[in-house]
Amino acid sequence: MKVVIIGAVAGGASAAARARRLDESAEIVLIERGADPSFANCGMPYYIGGEIESREKLIVTSAGMLHDRYRLDVRVRQEALRIDRQAKTVRVRRLENGAEYDESYDKLILSPGAAPIRPELPGIDHPKVYTLRNLDDADLLHAATMGAKRAVIVGGGFIGVEMAENLVRRGVETTLIERNDQILTPWDAEMVAPAAAALRSAGVTLKLGAEAEAFEPQDDGGVTVALKSGEQLSADFVVMCIGVRPENALAKAAGLAIGERGGIRVDETMRTDDPDIYAVGDAVETFDSVTGKPTQIPLAGPANRQGRIAADNCFGRESRYRGTQGTAIVGACGVTAAMTGLSEKACRRLGVAFEKVYVHPASNAGYYPGAEGMTLKLVFDPENGRVLGAQGVGGKGVDKRIDVLAMALQAGMTVYDLEESELCYAPQYGSAKDPVNMLGFVAAGLLRGDHPVEHAHRLLDCELGDSFVLDVRSPGEHAAGAVPGATNINIDELRERLGELPKDRRIVAYCKVGMRGYLATRLLRQHGFDAVNLSGGFTKYERFVAARAEATPKMAPSGR
Ligand SMILES: Cc1cc2nc3c(=O)[nH]c(=O)nc-3n(C[C@H](O)[C@H](O)[C@H](O)COP(=O)(O)OP(=O)(O)OC[C@H]3O[C@@H](n4cnc5c(N)ncnc54)[C@H](O)[C@@H]3O)c2cc1C
């Protein structure tokens, strides 16, 4: 059996190593356009920022090691030009001298990845307008960063945020512009407000609702970024981080089916519509494991798993991809944001019925030194409680909770399962009632009708009619900031002051994070009041206020 793999980084290298483990006698050829097979793309921003000091650390496995350990035939600086499906050959060009040859295959695996988007804007070809995909790009950016004073990053996705963190680490005055009203658009806006605040506190100038429309050369070799608003930003260099486009040209030219989003269409075995050609990674369109709909999420985990699966199927082992959940994590100057599955806005966009709850627990027992706060949001099916998605933002421990919730989602678990999850606990690591349990308690209690909740955005949008808003925090907390129009009765005095509350109006109780609001709701409901708890409490309310303040004044004048 001869397997040819195009693209030798995440998906390609993973497929090749798996192929060798499955078949010692197979001939395995890897064709890679770049200079480096199997390098750590995800580590590049941290090399540019100096956190990873040595470039060598980014070379996960060299071509020599891939040969010595796996007997892989790795051909770097060679580009696959076209596929002849009838002859089962690939036309390959050696980039150092332009010589071409045909390579035959029994099975072909495509893992060409995705290319950074460079929109056709005036001046986009200025040499100081960079993108970041491979080590050549990382070298250029590493060099550009040295001695630079000012940089502009266009795009507030994962790579834009990571680059911002790393450029300020290098002491570069950094402006990040993002067309949307929030950074990290897969998340819900209120969940990433703390990440935006952390970038700002670290010195990043964040411009939301701002769009670049041209790049103009400066006399000193720098570049001016012209925004649609008319504002001009001066920079030593620019990094374009506005997303990636699947490299589908080879597949398209070979007549393979391409999905609506431009990804190579594959089935659950990662096979294209040609039985001898598989495709994996950022270049493919797979399906969302929650909705079953086509999706394209460029992440390293799916690429690696898909590489394995494609190799399995090439060698006759039945192996199926379970779909992509979009489990992702990013650090933003000390704040971690992580998510899995559907966000609230994805549910709204897709018309998926959902309910949501928020909790604001600590990473570990509050009495143990070093506990850090976090906010978790759970989105679930209002009928049966099935977990649809989760997001977390905050300090340490966010990653572990989202990983647990990612597994719960994949296993088809419900909020009732979260209540019963047995997770590890000692005071330095967690709490006897882990944040995941807390999400389960709140969500399951809501579904059982024990403590209905109301949501901050509805309060802000005045959608709650003549509800009576009750602040059950202490007078001191109330004086420091409260929902406009709220009446303050400390939870500890509530039983004695029930007479001050209306029986003919809905009472929306709230506290700082939802715990005392929950107690108040239970107490009031048992006394015959129509009481609900404000999910996530005043903390969540303030996040919504902050997220909206970010969005409102910066809407692009184009009226997007
Ligand atoms: C800066 C950065 C940070 C990232 N951080 C994260 C992260 O923290 N977490 C995460 O999950 N994901 C991250 N990603 C995304 C992750 O790296 C990708 O999802 C993953 O590498 C995709 O694997 P792939 O095999 O599809 O493509 P790639 O790893 O991009 O490999 C594709 C290779 O194919 C080669 N190629 C393309 N066409 C041809 C051709 N015709 N002939 C020969 N060779 C060809 C390309 O040169 C390329 O090297 C990051 C990406 C970048 C750029």
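Residues numbered from 1 in each chain as written. Predicted model: local features only at pLDDT ≥ 70, side-chain atom pairs only at ≥ 80, totals over all residues. Heavy atoms only, no water.

Heads up, the condition is: UniProt positions are given in the numbering used here, feature names are shortened, and annotations may be inferred rather than shown by experiment.
Per an unreviewed UniProt entry, the protein chain goes by the name Coenzyme A disulfide reductase and belongs to Pseudobythopirellula maris. Under the UniProt heading Sequence similarities (unreviewed entry), the note attached to the protein chain is "Belongs to the class-III pyridine nucleotide-disulfide oxidoreductase family." Word for word, the UniProt comment on the protein chain under Cofactor (unreviewed entry) is "FAD".

### Focus on the UniProt feature "domain: Rhodanese" (unreviewed entry) in the protein chain
Put simply, the test is: Here a strand is any run of E in DSSP of at least two residues, a helix any run of H or I of at least four, and the numbering for each starts at the N terminus.
In the numbering used here, UniProt assigns the "domain: Rhodanese" (unreviewed entry) feature to residues 463-550. The annotated region residues 463-550 carries 35% helix and 16% strand content, and the separation between its end C-alpha atoms amounts to 22 Å.

### Observations regarding the layout of surface pockets
Put simply, the rule reads: Cavities and pockets are found on a 1 Å grid laid over the protein atoms alone: a cavity is a set of points where a 1.4 Å probe fits but cannot escape, a pocket is an open set with protein on both sides within 12 Å along at least five of seven lines, and a lining residue has an atom within 4 Å of such a point. Grid points are joined across faces, edges and corners, and a volume is the space filled by probe spheres set on the points. Three categories are distinguished: nonpolar for Ala, Val, Leu, Ile, Met, Phe, Trp, Tyr, Cys and Pro, charged for Asp, Glu, Lys and Arg, and polar for the others, with Gly belonging to the last. An automatic or database domain assignment supplies the residue ranges for each domain.
Approximately 550 Å³ is the volume attributed to the second largest pocket. Looking at the second largest pocket, it is lined by 28 residues, and the ones nearest its centre are Val359, Met438, Phe441, Val442 and Met515. Residues that form the lining of the second largest pocket fall into these classes: 12 nonpolar, 10 polar and six charged. The residue makeup of the lining of the second largest pocket includes at least three contributed by each of domain 3 (334-448) and domain 4 (453-534 + 545-549).

### Side note on the site of the ligand
Selection criterion: For this description, a residue counts as near a given molecule or strand if any of its non-hydrogen atoms is within 4 Å of it. Pairs of N or O atoms are called polar contacts if they sit within 3.5 Å, as long as, within protein, a hydrogen donor faces a hydrogen acceptor (for residues adjacent in sequence, only side-chain-to-side-chain pairs). Reported accessibility uses the Shrake-Rupley method at a 1.4 Å probe radius. Residues are deemed covered only where the shown protein chains occlude them.
Close contacts around the ligand come from 31 residues, with Gly11, Glu32, Ser111, Asp282 and Ala300 the closest. Note that an oxygen atom of the ligand is positioned 3.2 Å from one of the side-chain N or O atoms of Asn41. Contacts to the ligand include Ala80, whose backbone N or O atom sits 3.0 Å from a nitrogen atom. For the ligand, the protein covers 88% of the area, taking 990 Å² as the surface of the free molecule. Secondary structure elements with two or more residues in the shell around the ligand: helix H1 (10-22), strand S2 (27-32), helix H2 (44-48), strand S4 (78-84) and helix H8 (300-314).

### Some details on the side chain of Lys107
Cut-off, in case you're wondering: In what follows, a contact means two residues having at least one pair of non-hydrogen atoms within 4.5 Å.
Tracing the backbone shows Lys107 in strand S7 (residues 107-110). At 2.8 Å, the side chain of Lys107 forms a polar contact with the side chain of Asp276. Discounting chain neighbours no more than four positions away, the residues touching Lys107 are Met1, Lys2, Val3, Val4, Pro275, Asp276, Tyr278 and Cys314.

### Observations concerning the pairing of S2
Cut-off, in case you're wondering: Only protein chains enter the calculation, and the probe is 1.4 Å; a residue is then buried if its accessible area is under 20% of its type maximum, exposed if over 50%, and partly exposed in between. Strand pairing requires that DSSP identify at least two bridges connecting the strands. Crossovers are marked right-handed if the path from the first strand over the helix to the second runs clockwise, as seen with the strands pointing away from the viewer.
Within S2, five of the six residues are buried, leaving the element largely enclosed by the surrounding structure. The sheet contact formed by strand S1 (residues 2-6) and S2 spans five bridges and is parallel. Paired with Ile5 across the two strands is Leu30, which belongs to S2. Since S1 and S2 lie parallel, the crossover through H1 that links them has a hand, and here it is right-handed. Bridge analysis of S2 against strand S3 (residues 73-76) gives four bridges, and the strand direction is parallel.

### Points about the packing of aromatic side chains
Condition: For this analysis, a ring pair means two rings from Phe, Tyr or Trp (six-membered ring only for Trp) whose centres lie within 6.5 Å, classed as stacked if their planes differ by under 30 degrees, edge-to-face if by over 60, and tilted for the remaining angles.
Counted by the stated rule, this structure contains six aromatic pairs. Ring geometry for Tyr130 versus Phe237: centroids 6.0 Å apart, planes at 70 degrees, classification edge-to-face. One end of the pair, Tyr130, is in strand S9 (residues 129-130); the other, Phe237, is in strand S16 (residues 237-240), and 107 residues separate them in sequence. Taking 6.4 Å as the distance between ring centres and 80 degrees as the angle between the ring planes, the aromatic pair formed by Phe287 and Tyr321 counts as edge-to-face. On the criterion of sequence distance, the pair formed by Phe287 in strand S20 (residues 284-287) and Tyr321 in the loop between H8 and strand S22 (328-332) is long-range, its members being 34 residues apart. A relative accessible area of 23% means that Phe287 is categorised as partly exposed. Of the aromatic side chains, those joined through ring pairs into one cluster are Tyr510, Phe538 and Tyr541.

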